[in-house]
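What the coordinates show
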Amino acid sequence: MTGPTAPREADAGCDAPLPPLSAVIARHDLQPRRALGQHFLLDPSLCGRIAREAQPGSPAVILEVGPGPGGLTRALLAEGAARIVAVEKDRRCVAALGELAARYPNRLEIVEGDALAFDIATLGCTRIGIVANLPYNVGTRLLLRWLERVERIESMTLMFQKEVAARITATGGRDYGGLSVRAQWLCTCERLFDVSPRAFVPPPGVVSTVIRLVPRATRLAPADPDALDAVTRAAFGQRRKMLRRALRGLTPDPQALLERAGISPEARAETLSVAEFCALARAWLALRKP
Ligand code: SAM
């Protein structure tokens, strides 16, 4: 890891440099709290790399979850974010971010609160970019919420623990599951790069991965979301079994369902494409209709 964040005075609209992040952390006594998943990024080049991947100048508004002491926030502002709404649960960090918000009038708004309770519809626009070094304990839940509002989102550039990122981006095999199908049905999902635990203060016990999700203009294939959930849950619930057995909990006649969907009864969940899961969901709904 390199030293603390160097200010970018040219972007700051004020001559005095921003204090280094380490000074912000010391002044506001931001002892990292494990319960809040606090692992801070102080390396300006890494924050800059994530910010550049997010192309923050493009969306009308950037939602940043968990800005902490503001390393990534600074980088997003430096890379041209016109408006950032940053939702942070830790009051100590909210206080620490105040001087950054003062430095960038009308470009940075800090919201104190739980991101799980923050509805992106309140941002009042349909070109939202979401950028976050996510707290690991709520990352998947947040992603699932955002996927429910995907029509408002332009892109999501998110850091997860490596295993979760692999589950989101997998197209088959061990990591492939309901989360992969749901995310890829709605978005293109791209793994960008890994981040070593040493990049964080304090270092977490796991490697992290930055991924990008870009909502598709239309779903990958037609399907009812609840039916898609039902078939993926049943299929991955017994992922080692052939589908003709794995789907017994879903329907009394899996063979007929699979035939109607045009899928081999000997196939296993791990080998089905997202489009095939959609076909399965459509066939399941059609067979249930009286
Ligand atoms: N973005 C900062 C960085 O990269 O240095 C901090 C990232 S740290 C992994 C996660 C941040 O999310 C912490 O600042 C933590 O306080 C905040 N956080 C944890 N749970 C949250 C929640 N439910 N809603 C909003 N913020 C949360």
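In what follows, the accompanying structure is described. Fair warning: this is a prediction, and the values are worked out from it, not measured in the lab.

One recurring pattern in soluble globular proteins: nonpolar side chains tend to sit buried together. Ranked by internal contacts, the top residues of the largest apolar core, which has 66 residues, are Trp146 and Phe277. Element by element, the count of residues in this core is highest for helix H12 (residues 274-288), at eight residues. Non-local contacts of Phe277, meaning those with residues more than four positions away in its chain, are made with Tyr176, Val181, Leu228, Val231, Thr232, Ala235, Phe236, Ala269 and Leu272. Counting residues in hydrophobic clusters, the runner-up holds 28 residues, among them Leu72, Ala86, Leu100 and Leu192.

Further remarks concern the packing of helix H8 (residues 178-186) against H12. Relative to each other, H8 and H12 sit at 95°, their axes nearing to 10 Å. When the axis of H8 is compared with that of H12, the two are roughly perpendicular. On H12, the residues touching Val181, Gln184 and Trp185 of H8 are Val274, Phe277 and Cys278. Residue composition of the contact of H8 with H12, by class: five nonpolar, one polar and no charged.

To continue, consider the pairing of strand E3 (residues 84-88). In terms of burial, E3 is largely enclosed, as five of its five residues are buried. Burial along E3 is two-sided: the face carrying Ile84, Ala86 and Glu88 and the face carrying Val85 and Val87 are both buried. Where strand E2 (residues 61-65) lies against E3, four bridges are found, and the strand directions are parallel. Following the sheet pairing, Glu64 is matched in E3 by Ala86. Traced from E3 through helix H5 (residues 91-103) to strand E4 (residues 108-112), the parallel crossover comes out right-handed.

Around the ligand, the surrounding shell holds 19 residues, and the nearest of these are Leu41, Gly66, Glu88, Asp114 and Asn133. One of the backbone N or O atoms of Gly66 is found 2.7 Å from a nitrogen atom in the ligand. Gly68 is positioned such that a nitrogen or oxygen atom in its backbone is 3.4 Å from an oxygen atom of the ligand. Burial of the ligand by the protein amounts to 99% of the accessible area it has alone, namely 590 Å².

Time to look at the environment of Gly205. Mapped onto the elements of the fold, Gly205 is located in the loop between strand E8 (200-201) and strand E9 (208-215). What makes Gly205 exposed here is its relative accessible area of 82%. Taking the C-alpha atoms as reference points, Gly205 and Ile84, 121 residues apart in sequence, are found 30 Å from one another.

Enumeration according to the criterion identifies three aromatic pairs in this entry. Here the aromatic rings of Tyr176 and Phe236 are separated by 5.5 Å at their centres, their planes lie at 90°, and the arrangement is edge-to-face. Placement of the pair is Tyr176 in the loop between helix H7 (162-169) and H8 and Phe236 in helix H9 (residues 225-237), with a sequence separation of 60 residues. With relative accessibility at 1%, the residue Tyr176 sits in the buried group. Judged by relative accessible area, Phe236 falls into the buried class, the value being 11%. Taken together, the ring pairs connect Tyr176, Phe236 and Phe277 into an aromatic cluster. The ring of Phe193 carries Arg49 above its face, with NZ or CZ at 3.6 Å from the centroid. Seen from the ring of Trp185, Arg219 lies directly overhead, with NZ or CZ sitting 5.3 Å from the centre.

Because an α-helix packs 3.6 residues into every turn, residues spaced three or four apart end up facing the same way. Burial analysis of H8 places eight of its nine residues in the buried class, the great majority of the element. Residues Leu179, Ser180, Val181, Arg182, Ala183, Gln184, Trp185 and Leu186 constitute the buried set of H8. On its buried side, H8 packs onto helix H6 (139-148), H7, strand E7 (187-195), E9, H9 and H12.

Quick notes on the rules
The numbering scheme is per chain: residues are counted from 1 as the chain's sequence reads. Where totals are concerned, whole chains, interfaces and linings use all residues; where local detail is concerned, this predicted model gives features only for residues with pLDDT of at least 70, and gives and counts side-chain atom pairs only at 80 or more. Hydrogen atoms and water are omitted, and side-chain values are computed over all heavy atoms in the structure. Note on terminology: a nonpolar core comprises buried Ala, Val, Leu, Ile, Met, Phe, Trp, Tyr and Cys residues joined through side-chain atoms within 4.5 Å. Summary of the burial criterion: residues with accessible area below 20% of their type's maximum are buried, those above 50% are exposed, and those between are partly exposed, where the area comes from a 1.4 Å probe applied to protein chains only. A run of H or I in DSSP counts as a helix once it spans at least four residues, and a run of E counts as a strand once it spans at least two, with each numbered from the N terminus. It only takes one pair of heavy atoms within 4.5 Å for two residues to be counted as in contact. Axes here mean lines fitted to C-alpha atoms, for a helix over just the part in contact, with angles spanning 0 to 180 degrees between N-to-C directions. The cut-offs work like this: below 35 degrees is roughly parallel, past 145 is roughly antiparallel, 65 to 115 is roughly perpendicular, and the gaps in between are oblique. By the convention adopted, Pro, Cys, Tyr, Trp, Phe, Met, Ile, Leu, Val and Ala count as nonpolar, Lys, Arg, Asp and Glu as charged, and the other residues, Gly among them, as polar. The rule for pairing is simple: two strands pair if DSSP sees at least two bridges between them. If you view a crossover with the strands going away from you and the path from the first strand over the helix to the second runs clockwise, you call it right-handed. Here a residue is considered near a molecule or strand provided that any single heavy atom belonging to it is located within 4 Å of it. Two N or O atoms count as a polar contact when they lie within 3.5 Å, although within protein this holds only if one can serve as hydrogen donor and the other as acceptor, and sequence-adjacent residues are included solely when both atoms are side-chain atoms. Here, Shrake-Rupley sampling with a 1.4 Å probe gives the accessible areas, and only protein chains in the shown set may cover a residue. Side-chain rings of Phe, Tyr and Trp (the six-membered ring for Trp) are treated as a pair once their centres are within 6.5 Å; stacked means planes under 30 degrees apart, edge-to-face means over 60, and tilted covers the remaining angles. Ring-over charges, as used throughout, are those where CZ of Arg or NZ of Lys falls within 6 Å of the ring centre and within 35 degrees of the ring normal.

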